[in-house]
Amino acid sequence: MAKGTNQFERLAEAPVEFVRDGTAFIQKCKKPGNKDFLKIVRAVGIGFVAVGIIGYAIKLVHIPIRYLIV
Amino acid sequence: MAGFRLIELARPFAPLLPEVELPYEKIGFDDKVVYTIIAALIYVFGQLPLAGVVKDTIEEQGSSVLDPIYFLRGVFAAEPRTLLEFGTFPVVSSALIMQVLAGLKLIKVNFKVRQDRELFQTCTKLFAVLEYVVLANIFIFSGYYGSALTVFQVVLLNLQLVSAGLFVTLLVEVIDKGYGFASGAMAITTVTIATNFVGDVLGVNQLPVDNEGHFEAQGAIINLFQSMRASHKTFAGAIVGAFNRDYLPNLTTTLLVIALAVAVCLINNFRLELPIRSTRARGVNNVYPIRLLYVGGLSVLFSYVVLFYIHIVAFVLVQVVARNDPSSILYKVIGGYASSNNLLYVPQFPLSLLTPPKSFVECITRQPLTPIVFSAFMIVTGVWFAGLWQAISGSSARDISVQFKEQGITLTGHREQGIAKELDKIVPVASTTGAVLLALLVVAGELLGLKGKGASIIVGVSCGFSLLELITAEFQQNGGQSALTQVLGVTGA
C-alpha cells in the first residue's frame with residue numbers, strides 16, 4: 001500500500017541508503033554455523049532428491065505411454 | 001459499498017465453476033502429507049503429450065514456430081507440447097496479481113466478510129482459467145502446434161489445454177483448502193522442480209542426439225559414465241562432452257545448479273533474532289526470529305510472472321501479428337525470434353535484453369547489455385513486490401505486534417507501544433534485502449546460461465523451505481501419533 005510505494009520511492013531516491021541498511025541488517029543476522037549448515041544442506045538435499053526420484057519414476061512411466069498413444 | 005467492484009464480475013460465474021469443498025473435519029498430519037505429495041505427483045503424471053499436434057519433420061521445423069518461453073518453463077513447472085504447456089503459471093500469476101491488486105486497493109475486497117472472500121476466490125480462479133484459454137489460443141494461432149490446423153484440431157487442442165488447466169486449478173485448490181500443506185502451487189512447483197532436477201542429473205532415459213542413431217542419457221552423471229564406455233568417443237572427448245554438451249543437461253550446469261541450491265539454503269537460514277520476554281511471567285526470555293528471506297521465493301516468482309507477461313505480449317505482437325517477418329515494423333521495434341537447435345526460439349535485440357542468454361560467452365559477446373537490464377529488472381520488481389507483500393500478507397510489523405500483544409510478549413527493552421514501530425524498522429528491510437539477494441542469485445545463475453534452471457532451483461529450494469517450515473510446525477503440534485513418522489523412523493523433526 002502506501003508503504004509499498006514509499007519503499008519504491010525511497011529506493012529510487014536513495015539506493016545507497018538501501019544498500020547500507022541491507023548490509024547492516026545482514027551483518028546483524030545470525031548465520032548458521034558450519035555444522036548446522038551441513039546438517040540443513042544434507043536434510044534438504046535428501047528430501048529434494050527423494051521427492052525427485054519418486055517424481056522421476058512417474059515420468060519414466062510416461063515413456064511407454066507415449067509410445068502407446070502417439 | 002459505493003461504486004463498481006471488480007469482484008462482482010465473478011458472481012454470475014460462481015455457480016458454474018467447480019469448487020473444492022472445505023474439509024468437514026480436521027485433516028490429520030499423515031493425511032496432509034499424503035494429500036500434498038499425491039496431488040503433486042498427479043500433476044507430474046499429467047504431463048501427457050497433446051493430441052492433434054501437427055508432427056513436423058526435422059527439415060520443416062527450421063521454419064516453424066518454436067518454444068518462445070523456454071527459459072520461463074522451469075519456474076512454472078511447464079512442459080512443452082504436453083497437456084501442461086503453461087504449467088502452474090496461470091494459477092500462480094492470477095493468485096499473485098489478484099492479491100497485489102487487492103493490496104494496492106485497486107480491487108475493493110473486504111476480507112472480513114465471508115461472501116467477499118468467496119467472491120475473491122472465484123474471481124482468482126476465473127482469471128486463472130481465462131489465462132489458460134487466452135494462452136492456449138495464442139499458442140494455437142501463432143502456429144506453435146503447426147501452421148495449417150483444421151477447425152477440429154483447434155477445438156481439440158483448446159479442449160485439452162483448457163481442461164488440463166482447470167484440472168490443475170482444482171488440484172492446487174485441494175491443497176490450498178486445507179487438505180495439504182498451504183500453497184498448492186508451491187508444493188506442485190517444488191515437486192516438479194525436484195523431479196526435473198533428478199531427471200537432469202540421474203535421468204536414465206535415452207534420447208536420440210544425432211542422425212547416426214546415437215543415443216545419450218538425459219542425466220548428466222549417467223551420461224558421463226555412459227560416454228566413457230561408448231565406442232564412438234575417446235575417453236577425454238567423453239569427459240569434455242559430458243561437461244559441455246548443450247543439447248541436454250551437462251555436468252557444468254548441474255554443478256552450478258547445486259551451488260545455487262546450497263547458496264539458497266545458506267541465506268534461507270540467515271535470521272535476525274530479536275530478544276523477547278513475557279509480560280506475564282518474570283524471567284521468561286526467548287528470541288523471535290525475523291528471516292532474511294521474509295517473503296521467501298515469492299519475489300522471484302513475481303518477477304518471473306511479470307517477465308512471462310512481457311514475453312507473451314511480445315510473442316503475440318511478433319509472431320501472431322507480424323509473423324516473425326524481419327521487414328515488419330513490429331519486428332524492428334520489439335525484436336524477433338531466431339531458432340536455435342531446432343528447439344528454441346531465441347528473442348533478438350531489444351527483447352533479448354530481458355532474456356537470459358544461452359551461455360556466458362554468448363552473454364558477453366552478443367548481449368553485453370543484458371546483464372545490466374536483466375538484473376535491474378529482477379531487482380526492481382523483486383524489491384517492489386517484497387516491500388508490498390510483507391505489508392499485505394498478514395505478517396507485517398503491525399500484525400506481528402498484535403500477535404505479541406495477544407500472547408503477552410514484548411521486545412526486551414521496548415515498551416509495548418513501541419513494538420510496532422521497532423518492528424517496522426526491521427521487517428521491510430529484511431524482506432527487501434532478502435529479495436535483492438535472491439534476485440542477484442537468480443541473475444548470476446541465469447547469466448551463466450542455465451536457461452531457467454537457475455531460477456527454478458532457487459524457487460524450488462526456497463518454496464521447499466517454506467513447506468518444510470509448515471510441516472515441522474504442524475508436526476510439533478499434532479504429529480505425535482503420526483504413523484508415517486513411525487514407519488520412516490523420523491525422530492522429532
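Looking at an unreviewed UniProt entry, chain B carries the name LAME_0F18888g1_1, with the source organism given as Lachancea meyersii CBS 8951. Database annotation for chain B, UniProt heading Sequence similarities (unreviewed entry): "Belongs to the SecY/SEC61-alpha family."

As recorded in an unreviewed UniProt entry, chain A goes by LAME_0G09736g1_1 and comes from Lachancea meyersii CBS 8951. Under the Subcellular location (unreviewed entry) heading, UniProt states for chain A: "Endoplasmic reticulum membrane". Quoted straight from UniProt, the Sequence similarities (unreviewed entry) entry for chain A says "Belongs to the SecE/SEC61-gamma family."

(A) Seen up close, the overall build of chain B. Of regular secondary structure, chain B possesses 18 helices and seven strands. In terms of overall dimensions, chain B has a C-alpha envelope of 80 × 60 × 50 Å along the principal axes. Going through the 493 residues of chain B one by one, you find that 53% of them count as buried. Once local pairs closer than 6 in sequence are excluded, the contacts in chain B between residues at least 24 apart make up 68%.

(B) Fine view of a nonpolar patch on the surface. Where nonpolar side chains cluster on the molecular surface, the patch consists of Ile53 of chain A together with Leu202, Ile221 and Phe225 of chain B and spans about 340 Å² of accessible area. Ile53 of chain A gets classed as partly exposed once you look at its relative accessible area, which sits at 43%.

(C) Main features of the interface of chain A and chain B. Contacts between the two partners involve 37 residues from chain A and, on the opposite side, 54 residues from chain B. The interface formed by chain A and chain B holds one salt bridge in total. Summed over the shared surface of chain A and chain B, the number is two residue pairs in polar contact (both at pLDDT 80 or more). Of all elements in the fold, only helix H1 (2-13), helix H2 (15-28) and helix H3 (34-69) of chain A reach the threshold of two or more residues within the side of chain A that touches chain B. In terms of residue count, the dominant contributor to the side of chain A that touches chain B is H3 of chain A (21 residues). In the side of chain A that touches chain B, the residues fall into 25 nonpolar, five polar and seven charged.

(D) Fine view of the sheet that holds strand S3 (residues 271-278) of chain B. Residues and elements named next belong to chain B. Taken in spatial order, the three strands of this open sheet run S4-S3-S7, and their pairing is antiparallel. Across the chains shown, the open sheet's two edge strands, defined by having one partner strand only, are strand S4 (285-291) and strand S7 (409-411). Recorded for the sheet is a direction-independent mean angle of 45° between the axes of neighbouring strands. Pairing of S3 with S7, which is carried by three bridges, proceeds in the antiparallel orientation. For Arg277, the partnering residue across the bridge sits in S7 and is Thr410. Strand contacts of helix H15 (residues 397-407): S3, S4 and S7, with the helix running at about 130° to S7, the strand carrying the most contacts.

(E) Highlighting the pattern of salt bridges. Within the structure shown, the criterion is met by nine salt bridges over all chains. Here Glu79 of chain B makes a salt bridge to Lys59 of chain A, at a shortest N to O gap of 3.7 Å. Of this pair, Glu79 of chain B sits in the loop between helix H3 (70-73) and helix H4 (89-103) while Lys59 of chain A sits in helix H3, on two different chains. In this structure, the salt-bridge partner of Lys32 of chain B is Glu474 of chain B, at a minimum N-O distance of 3.5 Å. Of this pair, Lys32 of chain B sits in helix H1 (residues 29-45) while Glu474 of chain B sits in helix H17 (residues 453-478); the two residues are 442 residues apart in sequence, bridging distant segments of the chain. With respect to class, Lys32 of chain B is no different from Glu474 of chain B; both count as buried. Salt bridges here are not isolated pairs; linked through shared partners, they connect Lys125, Glu173 and Lys177 of chain B.

Thresholds applied
- Residues numbered from 1 in each chain as written.
- Chains lettered and ligands numbered in written order.
- Predicted model: local features only at pLDDT ≥ 70, side-chain atom pairs only at ≥ 80, totals over all residues.
- Heavy atoms only, no water.
- UniProt positions renumbered as here; feature names shortened; annotations may be inferred.
- Helix = DSSP H or I, 4+ residues; strand = E, 2+ residues; numbered from the N terminus.
- Buried < 20%, exposed > 50% of the residue type's maximum accessible area, 1.4 Å probe, protein only.
- Contact = heavy atoms within 4.5 Å.
- Patch = residues over 30% accessible without salt bridge, like charges linked within 9 Å, V, L, I, M, F, W, Y side chains within 5 Å.
- Areas by Shrake-Rupley, 256 points an atom, 1.4 Å probe, with all protein chains shown as cover.
- Salt bridge = Lys/Arg side-chain N within 4 Å of Asp/Glu carboxyl O.
- Polar contact = N/O pair within 3.5 Å; in protein donor to acceptor, adjacent residues only side chain to side chain.
- Nonpolar A, V, L, I, M, F, W, Y, C, P; charged D, E, K, R; others polar.
- Pairing = 2+ DSSP bridges.
- Axes fitted to C-alpha atoms, helices over the stretch in contact; angles between N-to-C directions.

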